[in-house]
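Analysis of the macromolecular model
Each chain is listed here by its residues.
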There are 2 protein chains.
Amino acid sequence: MTQPSRKEREYLRHRGEVLEAALMLFARQGFHGTSMQQIADAAEFSVGTLYKFFPHKEEIYKTLIEETADRFHAGLIAALETPGDEINKLQTAVETKIRIFLDNLDRVRIYFAETQGASLNVKTGLDAAIKNRYNDYLERLSAIFAAGIKKKIFHKQDPYLLALAFDSLSMTFLVEHMDHPGRHPFDAETILEIFLQGASFKK
Amino acid sequence: MTQPSRKEREYLRHRGEVLEAALMLFARQGFHGTSMQQIADAAEFSVGTLYKFFPHKEEIYKTLIEETADRFHAGLIAALETPGDEINKLQTAVETKIRIFLDNLDRVRIYFAETQGASLNVKTGLDAAIKNRYNDYLERLSAIFAAGIKKKIFHKQDPYLLALAFDSLSMTFLVEHMDHPGRHPFDAETILEIFLQGASFKK
DNA sequence: TTAGTTTATGAATATGTATTCATATTGTCA
DNA sequence: TGACAATATGAATACATATTCATAAACTAA
């Protein structure tokens, strides 16, 4: 395919500016709390112009969510490909998750609103698209746990539950950090320790 | 105070029926996806009559969320009061959480939409009321971990992080169960094992 | 049974905002 | 520079639905 022309590049840049403005607003006010007028003002376009880029409001939101799901999925999958043993892979996975999360706070907010809340998922079928990517990640993580169990690195448990437990632990700490930065400091090692060693001493 | 009259009792019963109908709809369609007309139809009242019980739609939602927060909070706090050592308390806490959760699936759905998503919390200040109760629970749980650490039952870690980790683990498994019942069976013991022993063998 | 009172009803109103489109503005090329 | 095309604008439109309130229905007590 050929180079995009100046005009095309400009169109894409403007479209990106609309997305950025919308992201900020959706993250702070939610989908229903944000009007097209607000997005237009923030992006320094008229409402009419927004419709040059997107057929309707939902499409803006949907685009953001899907971009986000893609970005997160790609990053996490790559992390699991780290060479080394299973513990190594987990370590990279946590570190990556922390980095991606902190670099994309606004995206995390709308992603959560969509996956946990009941904003639009039912209507738009966004749900399925997002969940597929997350399931794919969890399946790969499960495979790592399954391998680790075979090697007697991990206790025998349903690998999927271990994957869920592992992923939710980092998620929880990150959300805590998002709400109260610095109140309960932790790093990748804290998460790994708690997850791998457990809370109690062996009896 | 005196007995409520027949009329008062009937009023309260009808109000309860409205709440029940609204709960079902909000859980399936979210706040914005549910109209007053739908609630009226489901409760077998006219729209006008709904306004005899609640000044506006938000108040119905708010009432449901607050009822839910109270119910969950009371149950969980009571569980932490269990006599016995720290491990005992955790065991009862998980069992209670599982029971409350499974007995109140619709309430769990709207509670999540409200706490995780960005439905109304900003506008109504619901957020603060809910979070206070949850924080209170987490603080009490932290105290248990702090005590357990002093007794050398638990590893030395920020007790609040342990509380978060513990609570989110059961939450995660329950949500998985809600989405795919039976796919990855678990019980209170599974949760305790993973949390207390950790995933890996000691090195 | 009926006059008076209370309560329920749902059509009409009010409001907010997503979307459209006639017009203005900007850009292009001779 | 001016005529034409492409693009941007935002006031007007369309629509959805929360809320109101004049009226109907149900109830109460003499």
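My aim in this report is to walk through the structure given alongside it, one point at a time. Throughout this description, residue numbers start from 1 for each chain and increase along the sequence as written. Here every chain gets a letter starting at A, and every ligand a number starting at 1, in the order they are written. Given that this is a predicted model, residues contribute local features only at a pLDDT of at least 70 and side-chain atom pairs are listed and counted only at 80 or more, while totals for whole chains, interfaces and linings are drawn from all residues. Values shown for side chains rest on all heavy atoms present in the structure; no hydrogens or waters enter the calculation.

Some words on the protein's contact with DNA strand D
If you check the shell around DNA strand D, you find Lys7, Phe45, Ser46, Val47, Gly48 and Thr49 of chain A together with Thr34, Ser35, Met36, Tyr51, His56 and Lys57 of chain B and nothing else. Expressed as a percentage, the sugar and phosphate content of the atoms of DNA strand D within 4 Å of the protein is 67%. Polar contacts, as counted here, are pairs of nitrogen or oxygen atoms within 3.5 Å of one another; within protein the pair requires one atom able to donate a hydrogen and one able to accept it, and residues that are adjacent in sequence qualify only if both atoms are side-chain atoms. Within the side chain of threonine 49 of chain A, a nitrogen or oxygen atom sits 2.7 Å from a phosphate oxygen of DNA strand D. Within the contact set of DNA strand D, a phosphate oxygen lies 2.9 Å away from a side-chain nitrogen or oxygen of tyrosine 51 of chain B. Among the elements that line the surface near DNA strand D, the one with the most residues is helix H3 (residues 47–53) of chain A, at three residues. Class assignment for the residues of the surface near DNA strand D results in four nonpolar, six polar and two charged. If even one non-hydrogen atom of a residue comes within 4 Å of a molecule or strand, that residue is called near it. Going along the chain from the N terminus, every DSSP run of H or I of four or more residues is numbered as a helix, and every run of E of two or more is numbered as a strand. Lys, Arg, Asp and Glu make up the charged group, whereas Ala, Val, Leu, Ile, Met, Phe, Trp, Tyr, Cys and Pro make up the nonpolar group; the residues left over, Gly among them, are polar.

Let's talk about the relation of the copies chain B and chain A
Once chain B has been moved 0.0 Å along the axis and rotated by 180°, it coincides with chain A to within an RMSD of 0.1 Å. Given the turn and translation reported, the copies of this chain are related as if by a two-fold rotation axis. In terms of proximity to the rotation axis, the leading residue of chain B is glycine 198 of chain B, whose C-alpha is 1.7 Å off the axis. Here 100% of the contact residues of chain B are again contact residues in chain A; the copies associate through an equivalent surface. Superposing copies: least-squares fit, C-alpha atoms only, residues required to have pLDDT of at least 70 in both. Contact definition: two residues touch when any of their heavy atoms are within 4.5 Å.

Remarks on the side chain of histidine 73 of chain B
All names here are of chain B. Mapped onto the elements of the fold, histidine 73 is located in helix H4 (residues 57–80). Here's how the labels work: a residue is buried when its accessible area is under 20% of the maximum for its type, exposed when over 50%, partly exposed in between, all with a 1.4 Å probe on protein chains only. Taking the relative accessible area as the measure of exposure, histidine 73 reaches 19% and is therefore buried. Ignoring any residue separated from it by four or fewer positions in sequence, one finds histidine 73 in contact with Arg133, Asp136 and Tyr137.

Examining the protein's contact with DNA strand C
Close to DNA strand C lie 13 residues, the nearest being Met36, Tyr51 and Lys57 of chain A together with Gly48 and Thr49 of chain B. Near the protein, meaning within 4 Å, the atoms of DNA strand C are sugar or phosphate in a fraction of 66%, with bases accounting for the rest. Glycine 48 of chain B is positioned such that a nitrogen or oxygen atom in its backbone is 3.4 Å from a base nitrogen of DNA strand C. In this structure, threonine 49 of chain B approaches DNA strand C through a side-chain N or O atom, which is 2.7 Å from a phosphate oxygen. In terms of residue class, the surface near DNA strand C is made up of four nonpolar, six polar and three charged.

Digging into unusual backbone geometry
Residue and element names in this part refer to chain A. The phi torsion at glutamate 44 lies on the positive side, around 60°, for a residue other than glycine. Take glutamate 44: it is sitting in the loop between helix H2 (36–43) and H3. Under the relative-accessibility criterion, glutamate 44 is labelled exposed at 71%.

Considering the packing of aromatic side chains
Residues and elements named next belong to chain A. Only centres within 6.5 Å qualify two rings of Phe, Tyr or Trp (six-membered ring in Trp) as a pair; their planes then separate them into stacked at under 30 degrees, edge-to-face at over 60, and tilted for everything else. Under the defined criterion, the tally for this structure stands at 24 aromatic pairs over all chains. Consider the rings of phenylalanine 26 and tyrosine 61, whose centres lie 5.0 Å apart with planes at 90°: the pair is edge-to-face. Linking phenylalanine 26 in helix H1 (residues 6–29) with tyrosine 61 in helix H4 (residues 57–80), this pair joins segments that are 35 residues apart in sequence. On the basis of relative accessible area, tyrosine 61 is assigned to the buried category, the value being 2%. Taken together, the ring pairs connect Phe145, Phe154, Phe166 and Phe195 into an aromatic cluster. Sitting above the plane of the phenylalanine 31 ring, lysine 57 keeps its charged end 4.4 Å from the centroid. The rule for a charge over a ring is simple: NZ of Lys or CZ of Arg within 6 Å of the ring centre, and within 35 degrees of the ring normal.

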